[in-house]
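Below are the chains, spelled out letter by letter.
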Amino acid sequence: MRILHVCHLFSAELEGGVQSYVSGLLDHQRAAGHEVCVLSGSLSYDGPATVDEGGCDGVPVTTIHRAPEERWSADLGSERIGAVVEKALAAFRPDVCHVHHWQGLTNDIVRRAVAYGARVVVTLHDLFTTCPLFFRMRVDTESCPSELPLGECAKCLLGGLGGVGAVELKALLAERHEQLQQELDAASAVTTMSAYMRDRLSAVPYFRRQAIQVLPIGVMHDELESVDPPAPEPGRLRIANWAGIAPRKGLHVLLEALAGSAHASAFEVHVHGHEDNREYVRDLRRLQGDVDVRWRGPFTGATSLLEVAATCDLAVFPSLEEPYGLAQDEAMLLGMPVVVADQGAPPERVGGRGIVVPVDDPKALRAVLERLLVAPEELGGLREGPCGARRIREHLPELMDLYGRLLNA
């Protein structure tokens, strides 16, 4: 089978959840004898409009770089990028085109691939098809209701389209949403990773696609296994977080919860990730108070994850919006107890391995962590609890079965 993966990013610029997932698919699909190729956008839109032909670990990768005027190409379309898409389709001749994103590309990728003759699978990794800012969050820490009118959406984007006014912007958003709904209508199959995501999308009034298959994905590191926890340290709770240092991930909720505790100095928090958002990191440092926060920096690879699990008692992920949560799966596969917020997909999978707390509620989170501090035996019970975490090798047969059914239809 010849499989073309289309994503918004596949480079050394940033390793995100989508890129990690696509990388895992490429490894497994190549190992099974399939021919694979990647068509990718780029984060930058401030240079010349160019196309790079290269490779990554033996996989051909075409990367499209946008010019400044193409910043909103995924929302409003780009004939230039569309022509590059068609050239890639003609050159690789895929049986299946798996579209993971439009961002950084153009808003008619699916329809161009269908016109070429490929079966097209779309995986909705986030809420981009209903929100240009990906996550339906009005500001960094406030989720938007499903029924929010486009006039309110336009207010979020004012100033981002070079002086376009609110009335014109509302019309552009309406056209954007119509084009993306046509994309979803044209796809051979549309999947998303969680029932939460399916329901969150379907609740938006102008989201039309009804046939959405829930297909949980899985972490890239197939070698992750449960490891022994660290030796108990009475009167101390060691907490890990590696979901990303961004407001949406809710680290401020965790630090506010702990800093407000009468036992703040008994908590040790290991934060892993890029500190690119300097303003947010400064806010976090101001929040931490007497909490012992260890800023560990970024890491990659299963070995680093094994070290985290061997040195921390539990993982806490108080995300404000979490479409899936690969870090949560990684923690559970490592045998770690988890505490997660109830806004998002992780509660579907934590089972008996974790505790679910109300989103953006420092007091509720504090109460749970103080309880675990004084009753560490509860952690042992959580470690033995069942969960729905999975590796990509468990996901792949389901995906390949979907590809096969589409080709045989």
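For clarity, every value in this text was computed on a predicted model and none was experimentally measured. (Residues numbered from 1 in each chain as written. Predicted model: local features only at pLDDT ≥ 70, side-chain atom pairs only at ≥ 80, totals over all residues. Heavy atoms only, no water.)

Caption draft 1: Layout of the sheet that holds strand 2 (residues 35-40). Strand order in the open sheet formed by eight strands is 3-4-2-1-5-6-9-10, and the pairing between neighbours is mixed. Edge positions in the sheet fall to strand 3 (50-56) and strand 10 (213-214), since each has one partner strand and no second. Of the strand pairs in this sheet, strand 2 and strand 4 (residues 59-65) are connected by three bridges, and their pairing is parallel. By the bridge assignment for strand 4, Ser-40 is matched with Thr-63. (Pairing = 2+ DSSP bridges. Helix = DSSP H or I, 4+ residues; strand = E, 2+ residues; numbered from the N terminus.)

Caption draft 2: Structural context of the environment of His-272. Within the fold, His-272 resides in strand 12 (residues 267-272). The sequence separation of His-272 and Glu-183 amounts to 89 residues, and the corresponding C-alpha distance is 37 Å. Not counting the four nearest positions on each side in its chain, His-272 is found in contact with Asn-241, Trp-242, Ile-245, Arg-296, Gly-297, Phe-299 and Val-308. (Contact = heavy atoms within 4.5 Å.)

Caption draft 3: How the structure looks around the packing of helix 5 (residues 150-157) against helix 6 (residues 166-186). Between helix 5 and helix 6, the least distance of the axes is 9 Å, while the angle of their chain directions is 110°. Relative to helix 6, helix 5 is oriented roughly perpendicular. In this structure, helix 5 contributes Leu-150, Gly-151, Cys-153, Ala-154 and Leu-157 to the contact, and helix 6 contributes Ala-166, Leu-169, Lys-170, Leu-173, Ala-174 and His-177. Taken together, the residues of the contact of helix 5 with helix 6 break down into eight nonpolar, two polar and one charged. (Axes fitted to C-alpha atoms, helices over the stretch in contact; angles between N-to-C directions. Parallel < 35°, antiparallel > 145°, perpendicular 65-115°, else oblique. Nonpolar A, V, L, I, M, F, W, Y, C, P; charged D, E, K, R; others polar.)

Caption draft 4: Structural view of the side chain of Ser-78. With respect to the helices, strands and loops of the structure, Ser-78 is situated in the loop between helix 2 (73-76) and helix 3 (79-92). By relative accessible area, Ser-78 is classed as buried at 10%. Residues contacting Ser-78, with those up to four places away along its chain left out, are Glu-70, Ser-73 and Thr-106. (Buried < 20%, exposed > 50% of the residue type's maximum accessible area, 1.4 Å probe, protein only.)

Caption draft 5: Representation of the packing of aromatic side chains in the model. Applying the stated criterion across every chain yields a total of one aromatic pair. Consider the rings of Trp-242 and Phe-317, whose centres lie 5.4 Å apart with planes at 85°: the pair is edge-to-face. Of the two residues, Trp-242 is situated in the loop between strand 11 (237-241) and helix 8 (251-259) and Phe-317 in strand 14 (residues 314-317); the sequence distance between them amounts to 75 residues. Overall, Trp-242 belongs to the buried group, its relative accessible area being 9%. Phe-317 gets classed as buried once you look at its relative accessible area, which sits at 1%. Its end group placed over the ring of Phe-135, Arg-248 keeps NZ or CZ at 3.7 Å from the ring centre. Arg-349 extends its terminal NZ or CZ atom over the ring of Tyr-324, reaching a point 3.8 Å from the ring centre. (Phe/Tyr/Trp six-rings, centres within 6.5 Å; stacked < 30°, edge-to-face > 60°. Lys NZ or Arg CZ within 6 Å of the ring centre and 35° of its normal.)

Caption draft 6: The pattern of salt bridges, seen in detail. Enumeration according to the criterion identifies 26 salt bridges in this entry. A salt bridge links Arg-80 to Glu-70, with the nearest nitrogen and oxygen atoms 2.8 Å apart. One end of the pair, Arg-80, is in helix 3; the other, Glu-70, is in the loop between strand 4 and helix 2, and 10 residues separate them in sequence. Residue Arg-390 pairs with Glu-398 through a salt bridge whose shortest N-O separation is 2.7 Å. With a relative accessible area of 13%, Arg-390 lands in the buried category. We classify Glu-398 as partly exposed; its relative accessible area is 31%. Here the residues in one salt-bridge network are Glu-79, Glu-86, Asp-108 and Arg-112, joined through shared partners. (Salt bridge = Lys/Arg side-chain N within 4 Å of Asp/Glu carboxyl O.)

Caption draft 7: Spotlight on the packing of helix 8 against helix 13 (residues 362-374). Running from amino to carboxyl end, helix 8 crosses helix 13 at an angle of 65°, the nearest separation of the two axes being 8 Å. Crossing of helix 8 over helix 13 shows right-handed handedness. In this structure, helix 8 uses Val-253, Leu-254, Glu-256, Ala-257 and Leu-258 to contact helix 13, whose residues at the interface are Pro-362, Leu-365, Arg-366 and Leu-369. Taken together, the residues of the contact of helix 8 with helix 13 break down into seven nonpolar, no polar and two charged. (Left-handed = near helix turned anticlockwise from the far one by under 90°.)

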